[in-house]
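# Observations on the model geometry
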Amino acid sequence: MDTLPSNDPRRLDLERLRRSCARCSLQELCRPAGIGADELARLEDVVRRRRPVARGERLFHAGDALGSLYVGREGAFKTVLVTEDGDEQVLGFHLPGELIGLDALGSGQHRCEAVALTEASVCEVPYERLASVAAQLPQLQQHLLRVIGQRLEREQDHVGMLVRRQAGERIALFLHGVSHRVAQAGGSDTSLVLPMSRDDIARFLGLALETVSRGFSRLQEEGVIRVSGRRVEILDASALERLAHGSEAAPARRRDIA
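Residues numbered from 1 in each chain as written. Predicted model: local features only at pLDDT ≥ 70, side-chain atom pairs only at ≥ 80, totals over all residues. Heavy atoms only, no water.

## Digging into helix α3 (residues 127-136)
Quick note on the threshold: Whether a residue is buried, partly exposed or exposed follows from its accessible area with a 1.4 Å probe, protein chains only, as a fraction of its type maximum: under 20%, in between, or over 50%, in that order. Put simply, DSSP marks the helices as runs of H or I at least four residues long and the strands as runs of E at least two long, and each gets a number from the N terminus on. Each direction from the helix axis to a C-beta atom contributes to the arc, which is the arc of those directions.
Looking at α3, one finds that the buried residues are Leu 130, Val 133 and Ala 134. Viewed along the axis of α3, the buried residues span an arc of 100 degrees, placing them on a single side of the element. Counted as exposed and oriented over 90 degrees from the buried face of α3: Glu 128 and Ala 135.

Put into structure tokens, the structure is as follows:
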């Protein structure tokens, strides 16, 4: 692979990139395997646009033209549909390192809006430039397709959950899924700090707020989790997985969550 002189302004700090992008769903953009220095410099130039995002700020609104995709570096986001009455339907949550804005790939316009749940920062990836570079680098193009496929799988799981699962299963599946995604990003899969409110969770799961609160309390009573505000410790991962897939957990006092 070609190298650049140490004083060349195009030279990349690869260790810095690896540290800052270790959790990123597009981390392949910053990996040098099989990519020359010039190509790597072009990729880094595409993804290095970073900006802070205030809590409650929108990355885009429904109807906006697709200009960029976003990868959360810090903080978390939700994607929502807003009805004519102003009610929010939560479509999904996006944790650090996950791609935001894929809803516009088909029509070229966003069908929902992305809202920061916390103080956050994102990498803004101009779509046309990314598509142009990906067209020249088959490995990158294949990776982007995998990322898109993973997002579609999560959306299908969400639909299946809303159609088939009881309230207790939905809550267990939600926690199980979040813990898995946090682990994939390099965090702890047993100690979670949920960035979303109980109300957001209820809107995502298609449940009443009171049902979600009772569900968390019941899982705590059964020794499956420990809850303190938005911090959730998973005490019995096997029981949580069984509940998420519709099986009975060990405690005999468990009741169906209405």
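Anyway, onward from the coordinates.
## Considerations on the packing of helix α6 (residues 198-205) against helix α7 (residues 209-221)
Applied cut-off: To define axes, lines are fitted to C-alpha atoms, for helices over the stretch in contact only, and angles between the resulting N-to-C directions are given on a 0 to 180 degree scale. Roughly parallel means an angle under 35 degrees; roughly antiparallel, over 145; roughly perpendicular, 65 to 115; everything else is oblique. Contacts are assigned to residue pairs that have any heavy atoms within 4.5 Å of one another. As a working rule, the residues Ala, Val, Leu, Ile, Met, Phe, Trp, Tyr, Cys and Pro are called nonpolar, Asp, Glu, Lys and Arg charged, and the rest polar, with Gly in that last group.
For the pair α6 and α7, interaxial distance at closest approach is 8 Å and the crossing angle is 105 degrees. What the angle tells us is that α6 and α7 run roughly perpendicular. Here α6 contributes Arg 198, Asp 199, Ile 201 and Ala 202 to the contact with α7, which in turn contributes Leu 209, Val 212 and Phe 216. In terms of residue class, the contact of α6 with α7 is built from 5 nonpolar, no polar and 2 charged.

## A look at the nonpolar core
Side chains of nonpolar character tend, in soluble globular proteins, to be buried together. Stated precisely, the cut-off is as follows: Take the buried Ala, Val, Leu, Ile, Met, Phe, Trp, Tyr and Cys residues and link them wherever side-chain atoms come within 4.5 Å; each set so joined is a nonpolar core.
Formed by 34 residues in total, the largest nonpolar core has its most connected members in Phe 174, Leu 175, Leu 194, Ile 201, Leu 205, Phe 216 and Ile 225. Listing elements by their share of this core, those giving two or more residues are β5 (88-94), α5 (167-184), α6, α7, β11 (231-234) and α8 (237-244). Here this core takes 7 residues from α5, the largest share from any one element. Setting aside residues up to four positions removed in sequence, Leu 175 forms contacts with Leu 192, Leu 194, Phe 216, Leu 219, Ile 225 and Leu 240. By size, the runner-up hydrophobic cluster in this structure holds 15 residues, among which are Leu 69, Val 71, Leu 99 and Cys 123.

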